[in-house]
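# Close look at the chain arrangement
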Amino acid sequence: MPPSSSASTTGSAKSTSGGVQSLERAFDLLERMADAGGEVGLSELSASSGLPLPTIHRLMRTLVACGYVRQQANRRYALGPRLIRLGESASRLLGTWARPCLARLVEETGETANMALLDGDEVVYVAQVPSKHSMRMFTEVGRRVLPHSTGVGKALLATVPDDEVRALLSRTGMPAATERTITTPDGFLAALADVRRLGYAVDDNEQEIGVRCLAVSVPDSPTAAAISISGPAGRVTESATEKIVPVLQQVAAELSRALAGSGS
């Protein structure tokens, strides 16, 4: 919950949790800006945070001076470019923290394990541990793909409201990577309904013919994240799916705990 607007806003003020209140408030405002799409007005921040306008103005002025926020010509505030470097470094660390969990996934399933994030309208792969099979799948870390043709994309978007998914698809389009790619919004929303019902997502030859992927979201991740295994369709069969999905879900829960611990 946001701090009470009646509390002191000086830089030396302490929050009830023992932290510096002004820092807590500044980060809260940054997160509210991100939730709003990256650009907001002071009145919107005041309404959502409960803080008085003078307090928000002082905090935003400091963030602007540091380069983490910029003031637009229309007087609204936008997330600043200095945050990009922080985000890129955090993404790399996220992949590092994920590797032990992905390695366990490879050991238990025999297939290549991946971790991906939703970055804007795209899916970006941030970590991978390859299978030990001579015939294995490989996705370059840092690769960006559209979410409609991937298992991780489905897992990530299954938690997003349908109207927001439709808006994303209208921006990206739905080009066919293969003859099996879902290319209509209604078809994709039906696939997301299956993900919610089953608890996992499938890419069945939709990104690449001959390849199947199984994916689940990472619960309570600080940023939307999913993990997956990918392998030849001849190995990642329906019967194999029944054995692999529980392992995926267990590793996702383990990764969630690891990420929560890394912030403590």
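The sections below set out a description of the structure shown in this document. The numbering scheme is per chain: residues are counted from 1 as the chain's sequence reads. Reporting of local features is limited, given that this is a predicted model, to residues whose pLDDT is at least 70; pairs of side-chain atoms are given and counted only at 80 or more, and all residues count toward the totals for whole chains, interfaces and linings. As a convention, hydrogens and water are excluded, and side-chain values are obtained from all of the structure's heavy atoms.

### Here's the deal with the pairing of strand β4 (residues 112-119)
Moving residue by residue along a regular strand, the side chains alternate between the two faces of the sheet. What counts, and what does not: A 1.4 Å probe rolled over the protein chains alone gives each residue an accessible area, and that area as a share of the maximum for its type sets the label: buried under 20%, exposed over 50%, partly exposed in between. Working definition: helices are DSSP H or I runs of at least four residues, strands are E runs of at least two. Numbering for both runs from the N terminus. Two strands are counted as paired when DSSP detects at least two bridges linking them.
Counting buried residues in β4 gives 6 out of 8 residues, a clear majority hidden from the surface. Of the strand pairs in this sheet, β4 and strand β9 (residues 225-232) are connected by 6 bridges, and their pairing is antiparallel. Looking at the pairing, L117 lines up with A225 of β9. Where β4 and strand β5 (residues 122-129) come together, 7 bridges link them in antiparallel fashion. Looking at the pairing, L118 lines up with V123 of β5. Here β4 hands over to β5 after 2 residues, with G120 in that stretch at a positive phi of 65°.

### Observations regarding the pairing of strand β8 (residues 211-217)
Judged by how many residues are buried, β8 sits mostly within the fold: 6 of 7 residues are covered. Of the pairings in the sheet, the one linking strand β7 (residues 201-204) to β8 comprises 4 bridges and is antiparallel in character. Across the sheet, D204 pairs through a bridge with R212, a residue of β8. Where β7 hands over to β8, the hairpin turn is made up of 6 residues, of which N205 adopts a positive phi near 65°.

### Points about the nonpolar core
Where we set the bar: Nonpolar core, defined: a set of buried Ala, Val, Leu, Ile, Met, Phe, Trp, Tyr and Cys residues in which side-chain atoms within 4.5 Å join the residues together.
Counting 30 residues, the largest nonpolar core has L102, L105, M115, L214, I227, L248 and L255 as the members making the most contacts within it. Those elements giving two or more residues to this core turn out to be α4 (82-109), β4, β5, β8, β9 and α8 (238-262). Core analysis: the second largest hydrophobic core is formed by 23 residues, A158, I182, A201 and A226 among them.

### Observations regarding the sheet that holds strand β2 (residues 69-71)
On the basis of which strands lie adjacent, the open sheet formed by 3 strands has the order β1-β3-β2 and antiparallel pairing. On the outer flanks of this sheet lie β1 (39-40) and β2, each paired with one strand and no other. Where β2 lies against strand β3 (residues 77-79), 3 bridges are found, and the strand directions are antiparallel. By the bridge assignment, Q71 is partnered in β3 with Y77.

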